[in-house]
Amino acid sequence: MSLYQHTAKELHEKLLKKECSAKEIAESVFARIDACEERVGAYVTLEREGAMAAAQAVDQKIAAGESIGPLAGIPVAVKDNICTKGVLTTCASRMLYNFRPPYDATVVEKLRGADYVMTGKANMDEFAMGSSCETSYFKKTANPHDLARVPGGSSGGSAAAVAAGEAVLALGSDTGGSIRQPASLCGVIGLKPTYGSVSRYGLVAFASSLDQIGPFGRCVEDVAALYGAICGRDKMDATTARRDYPDFSAFNGDVRGLRIGIPKEYFGPGVDPEVKELVHAALRELESAGAVLKELSLPGTDYALSAYYIISSAEASSNLARFDGVKYGYRAEEYDGLLDMYEKTRSQGFGDEVKRRIMLGTFVLSSGYYDAYYNKAKLFQKALRAEFVAAFEDCDLIATPTSPTVAFRLEENVDDPLKMYAADVCTIAVNIAGLPGLSVPCGVSEGLPVGMQLIGPRFSEQRLFDTAYAFQQLRGGSLCPMPELA
Ligand code: GLN
């Protein structure tokens, strides 16, 4: 087995036992990148030299007898909407094709402090708008399990990198499903954390009230370790909660008595029958280990998608106003005066999907429509939150499919925005309610991975990890087999 195939947990042990060096780990991952990146296309920017230097610094620490943490020397891909000092951060947009941030996002600063090794910046849908990675200005990313299919999105590059072994871990961002849906489609584990548990400072904003950065990995322990390294209060982001977090390094694999709610709205006609069956089969396994399954109803689910596209587009239209050709990024080459410069820069710098969101967002915020759309969506958000709070009186967590289908074919949905939007029908309510959601692989349909989503009350990440860990144990200790890509 090559080093790139190992989990972070295994690599950490190897480093401690001096069975390998951090440099060898980085070399193994970059050899894998050389072997398959041309076909997978997970990265916008590779950081080979920086990665080697970071790995060598870890080796020096080890040689000097210093102690190292669980992420030291571990290769991590970072989504390209997370600011990295001096390293291109494009949001997969022409608008930021040349943007090198003068500062690190808080999560990046924390990971640097934990001695991680950044492999590069992962491809994504432009400004995180999309479910297939196909709205990237630079390239399409392929699903490592079937190169003719999408990896999901918007954090498709991060998910594909981890699935293919082109990184051991990755960071993504999730506004309506962008970590969980690609994790599901690529057969890896992905967490959308509780809103307010991870700093958004340095994350290029899409919809600030919904965006959250989170981890991808190939085992529950790795995802928990990466989450533990990035969560916490940050004075640079006033929406981060003041509270203490456990270190997420111990797991209770005993699910006896755990009440799992199964909301009937997530198993409706829009969801592929085989996906439903695989999620039910996984739940029956947890039941035979002692969990108690409970049917329940979350009627607000039906309105979540509509409310999401109103709220997220409204916030996006305001957040993206800053890209005007003056401060940073792209500027049209020829123009006639200031207003023409704005207009041409924004027309040429943004792709179609981003423009669609800006127009929709501007419309729902305009006087005359504000009450009819935006305010209604915000009222619905309150009601949906209350619905989840009530549901969690009867159960400890909720289980659903993560995606209604397996990975679709490249090009299959690009010309049909509504079909593309429906890819997030199972993940969106979690963002609207500010809850944590974890996607774990639970089976294979048509040779492609299927994910199960576990949703908990706010700040219940440990419970989600415990349950996923129990499931991982039931499945023989491994949930994410790596495709050959020979
Ligand atoms: N697919 C959804 C959208 O396009 C979610 C994106 C996300 O979570 N960033 O808005």
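In what follows, the accompanying structure is described. The model shown is predicted, which means the values in this text are computed figures rather than measured ones. Counting from 1, residues in each chain are numbered in the order their sequence is written. Local features in a predicted model are, by the rule used here, given only for residues with pLDDT of at least 70; side-chain atom pairs are given and counted only at 80 or more, and totals for whole chains, interfaces and linings are based on all residues. Computation of side-chain values covers all heavy atoms of the structure but excludes hydrogens and water.

Another point: the overall build of the protein chain. Working definition: helices are DSSP H or I runs of at least four residues, strands are E runs of at least two. Numbering for both runs from the N terminus. Assigned secondary structure in the protein chain consists of 15 helices and 11 strands. Our radius of gyration is a C-alpha quantity, and the globule rule it is checked against amounts to 2.2 Å times the number of residues to the power 0.38. Scaling as 2.2 N^0.38, a compact globule of 486 residues should have a C-alpha radius of gyration of about 23 Å, and the protein chain matches this with 21 Å. Along the first, second and third principal axes, the C-alpha set of the protein chain runs to 65 × 55 × 45 Å. The buried label goes to any residue with under 20% of its type's maximum accessible area, the exposed label to any with over 50%, and the partly exposed label to all in between, with areas taken from a 1.4 Å probe on protein chains only. Classification of the 486 residues of the protein chain by burial places 60% in the buried group. Partitioning the contacts of the protein chain with sequence separation of at least 6, the portion at a separation of at least 24 is 75%. Reported accessibility uses the Shrake-Rupley method at a 1.4 Å probe radius. Residues are deemed covered only where the shown protein chains occlude them. Carbon and sulfur atoms make up 51% of the accessible area of the protein chain, which amounts to about 18300 Å² in all. Contacts were defined at the residue level, with two residues in contact if any of their heavy atoms lie within 4.5 Å.

So, about the pattern of salt bridges. Between Lys or Arg on one side and Asp or Glu on the other, a salt bridge is scored when a side-chain nitrogen of the former is within 4 Å of a carboxyl oxygen of the latter. Under the defined criterion, the tally for this structure stands at 19 salt bridges. Between Arg149 and Asp146 there is a salt bridge whose closest N-O contact spans 3.0 Å. Overall, Arg149 belongs to the buried group, its relative accessible area being 10%. When the shortest N-O distance is used, the salt bridge between Asp396 and Arg259 registers 3.0 Å. In this pair, Asp396 is assigned in the loop between α12 (370-394) and β9 (397-401) and Arg259 in strand β7 (residues 259-263), connecting sequence segments 137 residues apart. On the basis of relative accessibility, which here comes to 17%, the residue Asp396 falls in the buried class. You can call Arg259 partly exposed: its relative accessible area is 26%. Here the salt bridges share partners, and the residues they tie into one network are Glu353, Arg356 and Arg357.

Next up on the list: the site of the ligand. Distances are taken per atom, and a residue is near a molecule or strand as soon as one of its heavy atoms is within 4 Å of it. By nearness alone, 15 residues border the ligand, and Gly176, Ser178, Tyr308, Arg357 and Asp424 come closest of all. Polar contact criterion, stated in full: a pair of N or O atoms within 3.5 Å, where within protein one must be able to donate a hydrogen and the other to accept it, and residues adjacent in sequence count only if both atoms are side-chain atoms. Ala128 has a polar backbone atom sitting 2.9 Å from a nitrogen atom of the ligand. Take Arg357: an N or O atom from its side chain is 2.7 Å from an oxygen atom of the ligand. A total of 290 Å² of accessible area belongs to the ligand in isolation, and the protein chains cover 100% of it. Classifying every residue of the shell around the ligand gives 5 nonpolar, 7 polar and 3 charged. Residues are grouped as follows: nonpolar covers Ala, Val, Leu, Ile, Met, Phe, Trp, Tyr, Cys and Pro; charged covers Asp, Glu, Lys and Arg; every other residue, Gly included, is treated as polar.

Bringing the packing of helix α4 (residues 106-113) against helix α7 (residues 220-230) into the picture now. Geometry is summarised by axes, namely lines fitted to C-alpha atoms with helices restricted to the contacting stretch, and by angles between N-to-C directions that run from 0 to 180 degrees. One can describe the packing of α4 onto α7 by two numbers: an axis separation of 8 Å at closest approach and a directional angle of 110°. When the interaxial angle is binned, α4 and α7 end up roughly perpendicular. Here α4 runs over α7; the crossing is right-handed. Note on element contacts: α7 touches α4 through Leu226, Ala229 and Ile230, opposite Val107, Lys110 and Leu111. Per-class residue counts for the contact of α4 with α7 are 5 nonpolar, no polar and 1 charged. Roughly parallel covers angles under 35 degrees, roughly antiparallel covers those over 145, roughly perpendicular covers 65 to 115, and oblique covers all other angles. Crossing handedness follows the turn of the near helix against the far one: under a right angle anticlockwise gives a left-handed crossing, and clockwise gives a right-handed one.

Nonpolar side chains in soluble globular proteins tend to end up buried together. Only buried residues count toward a nonpolar core, which is a set of Ala, Val, Leu, Ile, Met, Phe, Trp, Tyr and Cys residues joined through side-chain atoms within 4.5 Å. The biggest cluster of nonpolar side chains holds 149 residues, and the ones touching the most others in it are Ile82, Val107, Phe127, Phe388, Leu438, Met452 and Phe465. Among residues more than four places away in sequence, those in contact with Leu438 are Arg180, Ile189, Gly190, Leu191, Val223, Met452, Gln453, Leu454, Leu464, Phe465 and Ala468. One finds Val150, Leu185, Met420 and Ala423 within the second-largest nonpolar core, a separate group that totals 6 residues.

Another point: the environment of Phe127. Positionally, Phe127 belongs in the loop between β3 (117-122) and α5 (156-164). With 226 residues separating them along the chain, Phe127 and Glu353 place their C-alpha atoms 9.5 Å apart. Setting aside chain neighbours within four positions, we find Phe127 in contact with Cys91, Ser93, Met95, Leu96, Val204, Phe206, Leu320, Phe323, Phe350 and Val354.

The next thing to look at is the pairing of β3. Burial within β3 is extensive, with 6 of its 6 residues counted as buried. Two strands form a pair only when DSSP identifies at least two bridges running between them. As paired strands, strand β2 (residues 75-79) and β3 are joined by 5 bridges and run parallel to one another. Paired with Lys79 across the strands is Ala122, a residue of β3. Once you follow β2 into α4 and on to β3, the crossover reads as right-handed. When the strands point away from the viewer and the connection leading from the first strand across the helix to the second strand turns clockwise, the crossover is called right-handed.

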